[in-house]
Amino acid sequence: TIHRSGEHLADLIEGLLDITKIEAGRLDIYRNKVNLPDVLQQMQFMFQQQAAEKGIIFTCHVHNRVPEYVMMDEKRLRQILINLLSNAIKYTEKGSVDFHVRYRNQVAEFAIADTGVGINASDMERILSPFERVRSPDVPNVPGTGLGLTIVKLLTEILGGELKISSAPGIGSIFTATLMMAPIASPAESFPSRIITGYKAPNKVLLVVDDEP
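Residues numbered from 1 in each chain as written. Predicted model: local features only at pLDDT ≥ 70, side-chain atom pairs only at ≥ 80, totals over all residues. Heavy atoms only, no water.

**Some words on the sheet that holds strand 2 (residues 57-62)**
- A sheet is described by the order of its strands in space; here 5 strands give the open sequence 2-4-5-7-6, paired in mixed fashion. Looking at the sheet topology across the chains shown, the edges are occupied by strand 2 and strand 6 (162-168). Each strand of the sheet is rotated relative to its neighbour by a mean of 10°, with strand direction disregarded.
- Here strand 5 (residues 107-114) pairs with strand 7 (residues 172-180) via 8 bridges, running antiparallel. Across the sheet, the residue bridging to E109 is T178, located in strand 7.
- Seen against the sheet, helix 2 (residues 36-54) touches strand 2, strand 4 (96-104) and strand 5 and runs at an angle of roughly 165° to strand 2. (Pairing = 2+ DSSP bridges. Helix = DSSP H or I, 4+ residues; strand = E, 2+ residues; numbered from the N terminus. Axes fitted to C-alpha atoms, helices over the stretch in contact; angles between N-to-C directions. Contact = heavy atoms within 4.5 Å.)

As structure tokens, this is what we get:
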């Protein structure tokens, strides 16, 4: 969990540079074999802990069968989901955050519904601009750079998808990202004939030297 969370953090930091790359037309998009159920499980585990720390309920709803493997840029998919889910938890002080996943005809729909502060209609377009954030006396001192939704919108469009937002102040918001994801056959997997737990030889001592304390 620590390793994966570290990777997520690094991805978010790199996201600060992605807007510049997107505007310059230099953002690289890859087509990887992505284990979709595994990504969803990681998202659920990661954000359940964050929600629990705030005393809110986080639930993942997979409404129909999703393919085990899809063709997608895994890093960009994670960026989109992490930004949307972290925002939902960040702006929800009580109640719940629900992560809905639907898949049909090679189209995946990820909807994140929260019972947070909501967004005024007049601010709907503004929050998609860089460095703009939801301001509310109900949620003071919310950390962030105001780049998350901008990155989500740009990445979703580059991947050929769409981002929709519906919200009501004081009731909550629903962010829906729709993405094309073609299913692919499961790659061949090889498993070791037995689990290796050690070796027959005298014990060795490993000395690690580093110039950083």
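**What about the pairing of strand 7?**
- Pairing of strand 6 with strand 7 involves 7 bridges; the strand directions are antiparallel. Of the residues in strand 7, the one forming a bridge with I165 is F175.
- Where strand 6 folds back onto strand 7 in an antiparallel hairpin, the turn is made up of 3 residues, including G170, whose phi is positive at roughly 80°.

**A word on the environment of L85**
- In this structure, L85 sits in helix 3 (residues 74-90).
- Each C-alpha atom, one on L85 and one on F58, is 9.8 Å from the other, the two residues being 27 residues apart in sequence.
- Once residues lying within four places of it in the same chain are set aside, the contact partners of L85 are M43, F47, F58, F99 and I112.

**Points about the packing of aromatic side chains**
- Within this structure, the stated rule accounts for 2 aromatic pairs.
- For the ring pair F47 and F58, a centre distance of 6.4 Å and an interplane angle of 40° mean the geometry is tilted. Of this pair, F47 sits in helix 2 while F58 sits in strand 2; the two residues are 11 residues apart in sequence, bridging distant segments of the chain.
- Among the residues examined, F58 registers a relative accessible area of 6% and is labelled buried.
- The interplanar angle of 25° and the centroid separation of 6.3 Å between the aromatic rings of F99 and F110 together place this pair among those described as stacked. Here the residue F99 occupies a position in strand 4, and F110 occupies one in strand 5, the gap between them amounting to 11 residues. (Phe/Tyr/Trp six-rings, centres within 6.5 Å; stacked < 30°, edge-to-face > 60°. Buried < 20%, exposed > 50% of the residue type's maximum accessible area, 1.4 Å probe, protein only.)

**Observations concerning the packing of helix 2 against helix 3**
- Two elements in contact, helix 2 and helix 3, have axes separated by 11 Å at closest approach and are oriented at 25°. With respect to each other, helix 2 and helix 3 are oriented roughly parallel. Regarding helix 2 and helix 3, the two cross each other, and that crossing is right-handed. Contacts from L36, V39, Q42, M43, F47, Q50, A51 and K54 in helix 2 reach E74, L77, R78, L81, I82, L85, S86, I89 and K90 in helix 3. (Parallel < 35°, antiparallel > 145°, perpendicular 65-115°, else oblique. Left-handed = near helix turned anticlockwise from the far one by under 90°.)

**Examining the sheet that holds strand 8 (residues 182-183)**
- Taken in spatial order, the 3 strands make up an open sheet running 1-3-8, and their pairing is antiparallel. Strands with a single pairing partner mark the edges of an open sheet, and in this sheet they are strand 1 (32-35) and strand 8.
- For strand 1 and strand 3 (residues 69-72), the ladder comprises 4 bridges, and the chain directions are antiparallel. Note on strand 3: the bridge partner recorded for N35 is Y69.
- Strand contacts of helix 2: strand 1 and strand 3, with the helix running at about 55° to strand 1, the strand carrying the most contacts.

**Some points on unusual backbone geometry**
- Residue N105 is not a glycine yet carries a positive backbone phi of 50°.
- Checked against the element boundaries, N105 lands in the loop between strand 4 and strand 5.

**Digging into the packing of helix 3 against helix 4 (residues 148-158)**
- The interhelical angle for the contact between helix 3 and helix 4, taken along N-to-C directions, is 145°, at an axis separation of 9 Å. Crossing of helix 3 against helix 4: the hand is left-handed. Contact residues: R76, Q79, I80, N83, L84 and N87 in helix 3; G148, L149, I151, V152, L155 and T156 in helix 4.
- By residue class, the composition of the contact of helix 3 with helix 4 is 6 nonpolar, 5 polar and 1 charged. (Nonpolar A, V, L, I, M, F, W, Y, C, P; charged D, E, K, R; others polar.)

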